[in-house]
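# Survey of secondary and tertiary structure
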Amino acid sequence: MKIFMLKVHGKGVVVLPSEVMKALGIREGSILELRVEGNRAEMIAPRSLLDLFGMDGEGALEVVRGMEEERRREIERELRD
């Protein structure tokens with residue numbers, strides 16, 4: 001577990017370290033869940049398929065392109081038969 005010290009700015013703004021944002025897939029506009037119990041606050045980055053899209057970078061997109069190409073070839077074969 002890593003521990004980070006954060007500063008609270010005006011209007012309650014807290015800036016997350018870029019290392020944390022990258023590791024959790026957080027980007028501008030992401031919605032975080034804040035759980036508060038006693039004097040403890042915990043931020044959760046909920047995961048949905050939409051949140052995870054593109055997280056693996058170009059490698060994952062290449063897999064999708066390969067799947068699309070294979071499906072296109074299957075459709076062409078079906079149309080010829």
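Residues numbered from 1 in each chain as written. Predicted model: local features only at pLDDT ≥ 70, side-chain atom pairs only at ≥ 80, totals over all residues. Heavy atoms only, no water.

If you walk through the whole model with that rule in mind, you get 10 salt bridges. Here Glu33 and Arg35 are joined by a salt bridge, their closest N and O atoms 2.5 Å apart. On the basis of relative accessibility, which here comes to 33%, the residue Glu33 falls in the partly exposed class. Judged by its relative accessible area of 44%, Arg35 is partly exposed. Residue Arg77 is joined to Glu70 by a salt bridge in which the shortest nitrogen-to-oxygen separation is 3.6 Å. In this structure Arg77 comes out as partly exposed when scored by relative accessible area, which is 38%. For Glu70, a relative accessible area of 31% puts it in the partly exposed group. (Salt bridge = Lys/Arg side-chain N within 4 Å of Asp/Glu carboxyl O. Buried < 20%, exposed > 50% of the residue type's maximum accessible area, 1.4 Å probe, protein only.)

Moving on to unusual backbone geometry. Positive phi outside glycine occurs at Lys11, with the angle close to 60°. Mapped onto the elements, Lys11 comes out in the segment before helix H1 (18-24). (Helix = DSSP H or I, 4+ residues; strand = E, 2+ residues; numbered from the N terminus.)

Pairing geometry for strand S1 (residues 33-37) and strand S2 (residues 40-44), over 5 bridges, is antiparallel. Note on S2: the bridge partner recorded for Glu33 is Ile44. Here S1 folds back onto S2 in antiparallel fashion, the turn holding 2 residues, of which Gly38 has a positive phi close to 60°. (Pairing = 2+ DSSP bridges.)

Honestly, that's just the spatial picture; any functional story needs more than this.
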